[in-house]
Amino acid sequence: MKKLSLPVTPPEVIHPAWLRVCHWLNALAMLIMVTSGWRIYNASPLFNFRFMNALTLGGWLGGALQWHFAGMWILGINGLIYLFINSRSGRFKQKFWPLSPKRLMTELLLALRGKLVHGNLSHYNMVQKYIYVLVIITGVILVGSGLVVWKSVQLPSLSELLGGYDNARWIHFYAMSIIVAFTFIHMMMVVLVPRTLLAMIRGR
């Protein structure tokens, strides 16, 4: 007697294709902008240190600026698409709302003790929600301060809001530092939970 085979339900899509494309384009843009930005920083440092040339992109100041502007367009256009689709689709509200300071402290303590469970990749815990919201806001600040550093005369209102060219340079550096710190922590989490990388590549 022939056995009836039941239809196989495909795994749930965790990250849609548009999100994965935006994620990897953003990763590429940030890699270009950070490494070329370090080379630009070395030409006029804010602190008593410079970044190793081996970690920078561009070879010289002019080349670094060209790479930085190329990365800027990728980041800017890709960021606008990401924000637009997330807002229109309601994904922002679904993934990042509500925010609870009380739950954040509870889950942060669990995370520090290595006891925060991350079994469902389609659900963000409160620590992730706050970190991702912080990174999005930092990204906006990074772009805004970068525009002031680039076109402070042409953008007087934005320049005044950020305290002028010199202050915008400091803001830009600190925003970049937050993004780099987030990237380092993010990569450590990927090592601890490799399924997150697979989900961002194949969507499941």
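Source: prediction; values computed, not measured.

Helices and strands together make up the secondary structure of the chain, namely 8 helices and 0 strands. Listed by position from the N terminus, the elements making up the chain come as α-α-α-α-α-α-α-α. Counting only C-alpha atoms and orienting by the principal axes, one finds that the chain spans roughly 80 × 40 × 35 Å. Within the chain, residue pairs in contact and separated by at least 24 positions form 65% of the contacts whose partners lie at least 6 positions apart. Of the roughly 13,700 Å² of accessible surface on the chain, a fraction of 71% belongs to carbon and sulfur atoms. The distance from the centre of the 19 positive side-chain charges to the centre of the 4 negative ones in the chain is 16 Å.

UniProt tags residues 21-41, 61-85, 130-150 and 170-194 as "transmembrane region" (unreviewed entry). Across residues 21-41 one finds 100% helix and 0% strand; the C-alpha atoms that close the span lie 30 Å apart. Strand forms 0% of residues 130-150 and helix 100%; the C-alpha atoms that close the span are 30 Å apart.

Note on placement: Thr138 falls in helix 5 (residues 126-151). In contact with Thr138, other than residues within four places in its own chain, are Ala175, Ile178 and Ile179.

If you look at the biggest cluster of nonpolar residues, it comprises 23 residues, and the most contacted ones within it are Met30, Leu142, Phe173 and Met176. Where this core is concerned, the elements lending two or more residues are helix 1 (17-43), helix 2 (61-89), helix 5 and helix 7 (164-192). The leading source of residues in this core is helix 1, at 8 residues. Each residue touching Met30, except ones within four places of it in the same chain, is listed here: Leu75, Leu142 and Ile179.

Our focus in this paragraph is the packing of helix 2 against helix 5. As a packed pair, helix 2 and helix 5 sit with axes 12 Å apart at the nearest point and diverge in direction by 140°. Between helix 2 and helix 5, the crossing angle belongs to the class labelled oblique. Helix 5 is crossed by helix 2, and the crossing has left-handed handedness. Taken together, the residues of helix 5 that come into contact with helix 2 (itself represented by Phe69, Met72, Leu75, Tyr82 and Leu83) are Ile136, Val143 and Trp150. Here the residues of the contact of helix 2 with helix 5 sort into 8 nonpolar, no polar and no charged.

Bringing the environment of Phe184 into the picture now. Secondary-structure assignment places Phe184 in helix 7. It is 21 Å that separates the C-alpha atoms of Phe184 and His68, two residues lying 116 residues apart in sequence.

Cut-offs and rules
Residues numbered from 1 in each chain as written. Predicted model: local features only at pLDDT ≥ 70, side-chain atom pairs only at ≥ 80, totals over all residues. Heavy atoms only, no water. Helix = DSSP H or I, 4+ residues; strand = E, 2+ residues; numbered from the N terminus. Contact = heavy atoms within 4.5 Å. Areas by Shrake-Rupley, 256 points an atom, 1.4 Å probe, with all protein chains shown as cover. Lys, Arg positive; Asp, Glu negative; His and termini not counted. Charge placed at Lys NZ, Arg CZ, Asp CG, Glu CD. UniProt positions renumbered as here; feature names shortened; annotations may be inferred. Core = buried A, V, L, I, M, F, W, Y, C linked by side-chain atoms within 4.5 Å. Buried < 20%, exposed > 50% of the residue type's maximum accessible area, 1.4 Å probe, protein only. Axes fitted to C-alpha atoms, helices over the stretch in contact; angles between N-to-C directions. Parallel < 35°, antiparallel > 145°, perpendicular 65-115°, else oblique. Left-handed = near helix turned anticlockwise from the far one by under 90°. Nonpolar A, V, L, I, M, F, W, Y, C, P; charged D, E, K, R; others polar.

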